[in-house]
Structure formats: structure tokens, C-alpha cells
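Below are the chains, spelled out letter by letter.
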Amino acid sequence: MSKNADNLASLRIENPPATLREIALERMRRAIINGLFEPEERLVERTLCEQLGVSRSVIREVIRHLEAEGLVTMLLNKGPIVARLDWDDARQIYAIRAAVESTAIADCARLADADVKRRLRKALDNLDRTSRQRSPAAVIDATTELYKIIFEAGGHKIAWDIVSRLNSRISRLRVMTLSTANRMVTGPAQIREIFDAIEKNDPDAAAAACRRHIAAAAAIAEVVLGDMQARA
């Protein structure tokens, strides 16, 4: 019986291949986050079908998903457009981040053992490497992985689910702020301050470093979005 159970267990697909819809969704998401599509640009189904090499049904599913993520807006009689970034939305996102992330980071600092610190150090080294390469997309992936470890180590899996739902808009703001002078240096340096406090198991210092990091990003975003609105 045990042997049969083991054989049946071996049938399980642990890492199923991505579907065509998932591949198209990821590529469209990254294209919007990285600015390949401009804010308020119309997303024409036929054009997207040709660009991605997929059917209209796939494109429609992708658009619906991106709308739920806040990257696409549906306009009456015009169809889907890339959602416009404005400071009011960004301000709320940064406020949510400050509240949720500072709590998760403080708890991570309180609970972090040697294994958690090792994993964070490895993730931070990866972030430093991608920052030197000046690749915003790679920096975003590395930052997301670092924060995932922090939230899970701090016992904040539900909070991570909430942050993950906002992640597309957070990533879009990150790309925007990383494109400004010196942010590719100051951002990772501020994250290293967070890690240093976690490594010392100092929750108060870790939370304070987190809030400083988010406040700095918010200040940059406010200026950039204000300039974008003035040019519109």
C-alpha cells in the first residue's frame, strides 16, 4: 500500500508549465510597469494580438486581470487604456506600505534567527548586484523576493497577500522612482539599513528604517507625478 501511495504521489505536477494566458499576462504586466505603454494609452485588441501572437480571447482575459490589478482602466465607448498614475492614489499606496511593512519588518527583526538572516543576506546581495547593473526590472524582482522573506519570517502571510495584490502598482511606482537621479543607489542603501536592524534583532530601528525608506520614495513620487501632471 505504501509503495502504491508513493507511486501515485510521484504523479503530482509540482511546477506546472505556464499557460499561454499566464505568459501573456506577465509580459503585458511588465510592459506597463516598465513604461513600454504610456499612461492613458489605448490598448487595442487586434494590435495586442499581433504583438503577443495570441488570440483575442487570451487578450481579453489578460486585460480583465490587469484591470483588477489597477494597471488598466476601462473607458465607456473607448475600451481599455493604461491606468493613469496620480499622486492621490500613490499617496494611499505609500501610506498602506508604511503601516503594513513597518509592522512586518519589526516582527521579522524580533523573530529572525540565523537561517532567516542568511536568506535575507543572500537576497540583499542579489539586490545590490541588480542595482549595480542598473536594471529596474531585476531590482523589482530582487526587492519583492527580499520582502517576501521578511513578511513570512515575521508571521505576516495575510499581510503579504494584501501587499501582493498591490504589487503591480507598487512596482510601477518603484520603476518610476528608480529612474530618478541616484535612487538606484539610495534605495538599496536604505533597505540595507533595514536589514542591519533586523540582523541586530532591533525591531524599533528596523521599523523606523522602513518608514524612512518609504517616506523617501513617496517624496520622489510626489515630485515626479506632479511634473507628469503639469506636462499633461
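Participant: Outline the overall build of the protein, listing residues and values.
Facilitator: Within the protein, the regular secondary structure consists of 10 helices and two strands. Overall, the protein shows an N-to-C arrangement of helices and strands of α-α-α-α-β-β-α-α-α-α-α-α. Taken along the three principal axes of its C-alpha coordinates, the protein extends 65 × 55 × 30 Å. When contacts within the protein are restricted to residue pairs at least 6 apart in sequence, long-range pairs at least 24 apart make up 72% of them. Carbon and sulfur atoms make up 52% of the accessible area of the protein, which totals about 13,100 Å². Within the protein, the 32 negative side-chain charges are centred at a point lying 2 Å from the centre of the 36 positive side-chain charges.

Participant: How would you sum up empty space enclosed by the protein? Please name residues and give values.
Facilitator: Inspection of every chain in the model, using the stated rule, returns three cavities of 30 Å³ or more. The computed volume of the largest cavity comes to approximately 150 Å³. Looking at the largest cavity, it is lined by 15 residues, and the ones nearest its centre are Arg174, Leu178, Arg183, Gly187 and His213. The set of elements that each furnish at least two residues to the lining of the largest cavity consists of helix H5 (87-111), helix H7 (136-153), helix H8 (157-178), helix H9 (183-199) and helix H10 (203-231). A class-by-class count of the residues in the lining of the largest cavity yields eight nonpolar, four polar and three charged. In this model, the second largest cavity occupies a volume close to 60 Å³. Taken together, Glu101, Thr143, Thr144, Tyr147, Trp160, Val163, Asn167, Ile170 and Arg174 make up the lining of the second largest cavity. In terms of residues, the lining of the second largest cavity owes the most to one element, H8, which gives five residues. For the lining of the second largest cavity, the class distribution of residues is four nonpolar, three polar and two charged.

Participant: Hey, could you go over the pattern of salt bridges for me, with residue numbers and the actual values?
Facilitator: Scanning the model with the defined rule gives 17 salt bridges in all. Here glutamate 40 and arginine 84 are joined by a salt bridge, their closest N and O atoms 3.4 Å apart. Of the two residues, glutamate 40 sits in the loop between helix H2 (20-33) and helix H3 (45-52) while arginine 84 sits in the loop between strand S2 (79-82) and H5, which places them 44 residues apart along the sequence. Classification of arginine 84 as partly exposed rests on a relative accessible area of 43%. Note that arginine 91 and aspartate 88 form a salt bridge whose closest N and O atoms lie 2.7 Å from each other. Placement of the pair is arginine 91 and aspartate 88 together in helix H5, with a separation of three residues, close to one helical turn.

Participant: Can you explain the packing of H2 against H8? Please cite residues and give values.
Facilitator: Relative to each other, H2 and H8 sit at 40°, their axes nearing to 9 Å. Put simply, H2 runs oblique to H8. Contacts between H2 and H8 involve Arg29, Ile32 and Ile33 on the former and, on the latter, Ser168, Ser171, Arg172 and Val175. Grouping the constituent residues of the contact of H2 with H8 by class yields three nonpolar, two polar and two charged.

Participant: Break down H9 for me, with residues and values.
Facilitator: Since there are 3.6 residues in each turn of an α-helix, residues three or four apart along the chain are aligned in direction. For H9, which comprises 17 residues, the first-to-last C-alpha distance of 24 Å matches the rise-based estimate of 24 Å (1.5 Å per residue) to within 8%. Of the positions making up H9, those classed as buried are Arg183, Met184, Gly187, Pro188, Gln190, Ile191, Ile194, Phe195, Ala197 and Ile198. Here the buried face of H9 lies against H5, helix H6 (114-132), H7, H8 and H10. Immediately beyond the C-terminal end of H9, within one or two residues, lies asparagine 201, with a positive phi of roughly 55°.

Thresholds applied
- Residues numbered from 1 in each chain as written.
- Predicted model: local features only at pLDDT ≥ 70, side-chain atom pairs only at ≥ 80, totals over all residues.
- Heavy atoms only, no water.
- Helix = DSSP H or I, 4+ residues; strand = E, 2+ residues; numbered from the N terminus.
- Contact = heavy atoms within 4.5 Å.
- Areas by Shrake-Rupley, 256 points an atom, 1.4 Å probe, with all protein chains shown as cover.
- Lys, Arg positive; Asp, Glu negative; His and termini not counted.
- Charge placed at Lys NZ, Arg CZ, Asp CG, Glu CD.
- 1 Å grid on protein atoms, 1.4 Å probe; cavity = no way out; pocket = protein on both sides within 12 Å on 5 of 7 lines; lining within 4 Å.
- Points joined across faces, edges and corners; volume = space filled by probe spheres on them.
- Nonpolar A, V, L, I, M, F, W, Y, C, P; charged D, E, K, R; others polar.
- Salt bridge = Lys/Arg side-chain N within 4 Å of Asp/Glu carboxyl O.
- Buried < 20%, exposed > 50% of the residue type's maximum accessible area, 1.4 Å probe, protein only.
- Axes fitted to C-alpha atoms, helices over the stretch in contact; angles between N-to-C directions.
- Parallel < 35°, antiparallel > 145°, perpendicular 65-115°, else oblique.
- Expected span 1.5 Å × (residues − 1).

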